[in-house]
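Survey of secondary and tertiary structure
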Amino acid sequence: QVQLVESGGGLVQPGGSLRLSCVASRASKSMLSLATMGWYRQAPGKQRELVATINMNSWTNYSDSVRGRFRISRDIAKNTIYLQMNSLEPEDTAVYYCNAKVNIGSRPEYWGQGTQVTVSS
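Residues numbered from 1 in each chain as written. Predicted model: local features only at pLDDT ≥ 70, side-chain atom pairs only at ≥ 80, totals over all residues. Heavy atoms only, no water.

Here's the deal with the environment of Thr36
Short version of the rule: Numbering of helices and strands runs from the N terminus; a helix is a DSSP stretch of H or I covering at least four residues, while a strand is a stretch of E covering at least two. Residue exposure (1.4 Å probe, protein chains only): buried if accessible area is under 20% of the type maximum, exposed if over 50%, otherwise partly exposed. The contact criterion used throughout is that any non-hydrogen atoms of two residues lie within 4.5 Å.
Looking at where Thr36 falls in the secondary structure, it is placed in strand β4 (residues 35-42). Under the relative-accessibility criterion, Thr36 is labelled partly exposed at 22%. Put simply, Thr36 and Trp59 are 23 residues apart on the chain and 9.5 Å apart in space, counted from C-alpha to C-alpha. Apart from the residues within four sequence positions on either side, Thr36 is in contact with Thr53, Ile54, Asn55, Asn99, Ala100, Lys101 and Asn103.

Shown next, in the form of structure tokens:
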């Protein structure tokens, strides 16, 4: 029932910035307060890796490669999470996926369709 709809990807130059958004459509208004949300990415020829997460207590976690450059946030009222990406590097080029892990009931997990981020000069 729940779908994660991502947007904001694109082509940027090294050192540039980009903001990704993920809307949890058809979800309850309180879904984000009962779930751990995250961003993952997968570059060509590589495994999907965790980028950042934010949990029910608003605690955040970042991959070492993005800490200090990226910031994950959420707007509970809008059922939306964001990934602010600054000081982008060519190594950040990947498909970025939104993820939700609900912490109650059957504890379902949802994935977005992915959005392409390309960092190139």
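There is more to say, and it comes next.
Things to note about the packing of aromatic side chains
Basically, it comes down to this: A pair of aromatic rings is counted whenever rings of Phe, Tyr or Trp (Trp by its six-membered ring) have centres within 6.5 Å, and the orientation is called stacked for planes under 30 degrees apart, edge-to-face for over 60 and tilted otherwise. The criterion is that NZ of a Lys, or CZ of an Arg, lies within 6 Å of the ring centre and within 35 degrees of the ring normal, and then a charge sits over that ring.
By the definition in use, this model includes 1 aromatic pair. Arg19 extends its terminal NZ or CZ atom over the ring of Tyr82, reaching a point 4.0 Å from the ring centre. Here Arg48 stacks its cationic end above the ring of Trp111, 4.7 Å away from the centre of that ring.

Concerning the environment of Gly15
Examined against the element boundaries, Gly15 turns out to sit in the loop between β2 (10-12) and β3 (18-25). Overall, the relative accessible area of 55% leaves Gly15 in the exposed class. Sequence separation between Gly15 and Pro90 is 75 residues, and the spatial gap between their C-alpha atoms is 9.2 Å. Other than its neighbours up to four places away in sequence, Gly15 contacts Ser87 and Leu88.

Considering the sheet that holds strand β8 (residues 80-85)
Note the following rule: When DSSP finds two or more bridges between two strands, those strands count as paired. To define axes, lines are fitted to C-alpha atoms, for helices over the stretch in contact only, and angles between the resulting N-to-C directions are given on a 0 to 180 degree scale.
Ordered in space as β1-β3-β8-β7, the 4 strands form an open sheet in which the pairing is antiparallel. Looking at the sheet topology across the chains shown, the edges are occupied by β1 (3-7) and β7 (70-75). Strand-to-strand, the axes of this sheet are offset by a mean angle of 15°, without reference to chain direction. As paired strands, β7 and β8 are joined by 6 bridges and run antiparallel to one another. Directly across from Arg74, in β8, lies its bridge partner Ile81.

Function-wise, these values are silent; they only describe arrangement.
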